[in-house]
Amino acid sequence: MSTPKVSVIMPVFNSALYIKEAVDSILNQSFRDFELICINDCSKDESLSILQSYSDTRIVIIDLEVNKGVA
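This section reports on the structure supplied with the text. Bear in mind the structure is a predicted one, so any value in this text is a computation, not a measurement.

**Description of the pairing of strand S3 (residues 59–64)**
Consideration 1: With six bridges joining them, strand S2 (residues 34–41) and S3 adopt parallel strand pairing. The residue bridging Ile37 from the neighbouring strand is Val60, located in S3.
Consideration 2: For the crossover that starts at S2, traverses helix H2 (residues 47–52) and ends in the parallel S3, the hand is right-handed.

**A word on unusual backbone geometry**
Consideration 1: Unusually for a residue other than glycine, Asn14 sits at a positive phi of about 50°.
Consideration 2: Its location among the elements puts Asn14 in the loop between strand S1 (6–12) and helix H1 (19–27).
Consideration 3: Here Cys42, not a glycine, exhibits a phi torsion of approximately 65°, which is positive.
Consideration 4: Residue position: Cys42 is located in the loop between S2 and H2.
Consideration 5: Classification of Cys42 by relative accessible area gives buried; the value is 15%.

Cut-offs and rules
Residues numbered from 1 in each chain as written. Predicted model: local features only at pLDDT ≥ 70, side-chain atom pairs only at ≥ 80, totals over all residues. Heavy atoms only, no water. Pairing = 2+ DSSP bridges. Helix = DSSP H or I, 4+ residues; strand = E, 2+ residues; numbered from the N terminus. Right-handed = clockwise from strand over helix to strand, strands pointing away. Buried < 20%, exposed > 50% of the residue type's maximum accessible area, 1.4 Å probe, protein only.

Right, here's the structure in full:
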């Protein structure tokens, strides 16, 4: 697989109510040559399991064990 032309970075923190809508919106764009890097910032809700439910190979999940903030 070649390197994608665009990387979309999505910080995630306790976003279970909205994460599916946000991810689906990005995945459904007409431009397809991208990776979606989701950085789970030690969420305490179901955000991580929702992200892990996707089988799209463009999604990269980074799961932080300690909350570090967006930056």
